[in-house]
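Structure assessment
Chain by chain, the residues:
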Amino acid sequence: FTEWTSEGSLRHPVYLGLRKDKKATEVKKQEPKPKVKAVTKKAAAKPNKKAANTKTIKAEDDAANAANYEMKVGKQTLKLTNQNKVYFPKDGITKGDLVKYYDEVSSIILPYMKDRPQSMHRFPNGIKDEGFYQKDVDVDKIPTWLQTEEVFSESNKEHIQYLICNNKETLLYMANLGCIEMNPWNSRIQTPENPDWLVIDLDPEEIAFNEVVKAANETRKFFEEHEIDSYCKTSGATGLHIYVPLAAKYDYDIVKNFAQLVAQNINERLPSTTSILRMPAKRQKKVYLDFLQNRRGQTLAAPYSVRPKPGATVSTPLEWSEVNAKLDPAKFTIKNTLQRIDKKGDLWKPVIGKGVNLDKVIKKIYEAV
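The paragraphs below set out a description of the structure included in this document.

Conventions and cut-offs
- Per-chain numbering applies: the sequence of each chain, read as written, is numbered from 1 onward.
- Per-residue local features of the predicted model are confined to residues with pLDDT of at least 70, and side-chain atom pairs are confined, for both listing and counting, to 80 or more; whole-chain, interface and lining totals are unaffected and use all residues.
- Heavy atoms from the whole structure form the basis of all side-chain values; hydrogens and water molecules are not counted.
- Put plainly, a pocket is an open set of points on a 1 Å grid over the protein atoms alone with protein on both sides within 12 Å along at least five of seven lines, a cavity is a set where a 1.4 Å probe fits but cannot get out, and a lining residue has an atom within 4 Å of a point.
- Grid points are joined across faces, edges and corners, and a volume is the space filled by probe spheres set on the points.
- Residues are grouped as follows: Ala, Val, Leu, Ile, Met, Phe, Trp, Tyr, Cys and Pro are nonpolar; Asp, Glu, Lys and Arg are charged; every other residue, Gly included, is polar.
- Residues enter a nonpolar core if they are buried and are Ala, Val, Leu, Ile, Met, Phe, Trp, Tyr or Cys, with the set joined through side-chain atoms within 4.5 Å.
- The classification of residues rests on relative accessible area computed with a 1.4 Å probe and restricted to protein chains. Under 20% of the type maximum is buried, over 50% is exposed, and intermediate values are partly exposed.
- For helices the rule is a DSSP run of H or I covering at least 4 residues; for strands it is a run of E covering at least 2, with both sets numbered from the N terminus onward.
- Expected span of a helix: the number of residues minus one, times 1.5 Å.
- Between two residues, a contact is recorded if the distance between any of their heavy atoms is within 4.5 Å.
- In protein, a polar contact means a hydrogen-donor-capable atom and an acceptor-capable atom, both N or O and within 3.5 Å, with residues adjacent in sequence counting only if both atoms are side-chain atoms; elsewhere, any N or O pair within 3.5 Å suffices.
- Only strands that DSSP links by at least two bridges are regarded as paired with each other.
- Each patch is built from salt-bridge-free residues with over 30% relative accessible area, joining like charges within 9 Å and nonpolar side chains (Val, Leu, Ile, Met, Phe, Trp, Tyr) within 5 Å.
- Note that accessible areas follow from Shrake-Rupley with a 1.4 Å probe, and for residues the cover is restricted to the protein chains shown.
- Counted as salt bridges are all cases of a side-chain nitrogen of Lys or Arg within 4 Å of a carboxyl oxygen of Asp or Glu.
- A positive count includes Lys and Arg, and a negative count includes Asp and Glu. His and the chain ends are not counted in either.
- A charged residue contributes its charge at one atom only: NZ of Lys, CZ of Arg, CG of Asp or CD of Glu.
- To count as a disulfide, a pair of cysteine sulfur atoms needs to be within 2.5 Å.

1. As for the layout of surface pockets
By volume, the second largest pocket amounts to about 560 Å³. Lining the second largest pocket are 22 residues, with Asp201, Gln293, Thr299, Leu300 and Arg307 sitting closest to its centre. For the lining of the second largest pocket, the per-class residue count stands at four nonpolar, eleven polar and seven charged.

2. Examining the nonpolar core
Core analysis: the biggest nonpolar cluster contains 46 residues, and Tyr101, Tyr102, Ile109, Leu171, Met182, Tyr304 and Val306 have the highest contact counts within it. For this core, the secondary-structure elements that each account for two or more residues are strand S3 (69-73), strand S4 (76-80), strand S5 (86-88), helix H3 (95-109), helix H4 (168-176), strand S12 (179-181) and strand S13 (197-205). In this structure, Leu261, Val262, Ala263 and Phe291 belong to the second largest nonpolar core, which totals 39 residues.

3. Structural notes on helix H6 (residues 252-269)
With 18 residues, H6 ought to run about 26 Å at 1.5 Å a step, and its terminal C-alpha atoms sit 26 Å apart, in line with that. Here H6 has its buried residues at Tyr252, Val255, Lys256, Phe258, Ala259, Leu261, Val262, Ala263, Ile266 and Asn267. Against S13, helix H5 (209-225), strand S16 (274-275), strand S17 (286-290) and helix H8 (358-368) lie the buried residues of H6. Regarding H6, its N-cap is Asp251, as a side-chain oxygen of that residue lies 3.1 Å from the backbone nitrogen of Asp253 further along.

4. Describing the sheet that holds strand S7 (residues 117-118)
The sheet built from three strands is open, its strands ordered S7-S11-S10 with antiparallel pairing. The open sheet has two edge strands with one neighbour each: S7 and strand S10 (147-153).

5. Structural notes on a negative patch on the surface
A contiguous patch of negative charge, built from Asp136, Asp138, Asp140, Glu150 and Glu158, is present on the exposed surface. With respect to the helices and strands, Glu150 occurs in strand S10.

6. Quick word on empty space enclosed by the protein
Evaluation of the coordinates by the stated rule reveals two cavities of 30 Å³ or more. Of the pockets and cavities examined, the largest cavity occupies roughly 50 Å³. Considering the residues around the largest cavity, the lining is formed by Tyr112, Pro184, Trp185, Asn186, Trp197, Tyr243, Leu300, Ala301, Ala302, Pro303 and Trp348. For the lining of the largest cavity, the class distribution of residues is ten nonpolar, one polar and no charged. Taken as a whole, the second largest cavity encloses approximately 40 Å³ of empty space. As for the second largest cavity, its lining consists of Tyr304, Thr316, Pro317, Thr337, Arg340, Ile341, Lys344, Gly345 and Leu347. The element best represented in the lining of the second largest cavity is helix H7 (residues 337-344), accounting for four residues.

7. Here's the deal with the state of the cysteines
Going through the model one piece at a time under the given rule, you end up with zero disulfides. Just so you know, Cys165 is unpaired, no disulfide at all, and the nearest cysteine sulfur is the one on Cys179, 9.5 Å from it. Cys165 sits in the buried class, given a relative accessible area of 0%. Here Cys179 falls in the buried class, since its relative accessible area comes to 0%.

8. Focus: the sheet that holds S17
Across the sheet, which stays open at both edges, the six strands sit in the order S16-S17-S13-S15-S14-S18 with mixed pairing between neighbours. Of all strands in the sheet, those with a lone pairing partner are S16 and strand S18 (317-318), marking the two edges.

9. Side note on the pairing of S4
Of the pairings in the sheet, the one linking S3 to S4 comprises five bridges and is antiparallel in character. Pairing of Val73 across the sheet is with Gln76, part of S4. Here S3 folds back onto S4 in antiparallel fashion, the turn holding two residues, of which Gly74 has a positive phi close to 60°.

Here's what the structure looks like:
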């Protein structure tokens, strides 16, 4: 939860489970213990209580101000908390660094999040913990200016209130909740059954990354053979994502079926290094050609999203010329992504541009058969 309110209630609580180590009657509200100041030998020898107290109070105030502060974004004032908390232990990258990154990249990432339900993957303690997913938000306990959309979940057989991220203030609100990565739907609330893109997720299972690169280039070759423009980005982890713009012209069933056709074709071309089998145990030492990402409600890390991985890697759009044997996804991080954007611009823009005519492509494929 974020904090205790003046009425004694929890603000923004998330249920994680029941404690098994205590009885309910033993659980009491904890109050912070007063800090005990350490006294050095030098200070004890020459006490200067007034100066020491003033210095200590100032240091504590400075630390508190750095960790918690308010930020004016648009018409809203965000209360940013625990900004000094380390989210990436080996790299010393803090929650404040994450919020700062999303603040600076907001104008670039927001077009790929706009009007899309968000599946929030929260890491309130950084990547040392597994984190948890939150899709349903309690509209009575979040700021009134946040936008939500009620969507019926077929799997859960219930309505879910998804958060919609259309502006910087919402983006930073999510980052402050511990959303290291941003996971939007493939479709927008205006056309929930029609994705804006097709995606082939190349997910390696105990195989050299160079084989992922080969699979990506073979996929690009297939698309080029059918006069389809495709775009590649790092997943921010171990794989690559290949997108084809569709402009929401086709429903999920059509898109998934075509993606399956693509995956099967690539698997036939590279049978020894790729697989279309979903179970990891059945695709050891191969690159999984995941076409099932093209289903309603599925999410992938947005372009320019940070990932909860060591180094604070970023899911980064690439030029196809960069998809070669020298490609190392770990080199694209929170520390250099903004400089890359300044140099190359937004390479992902065409993905939300004019869509491919799948009807024409599918007709040609079956005519050839």
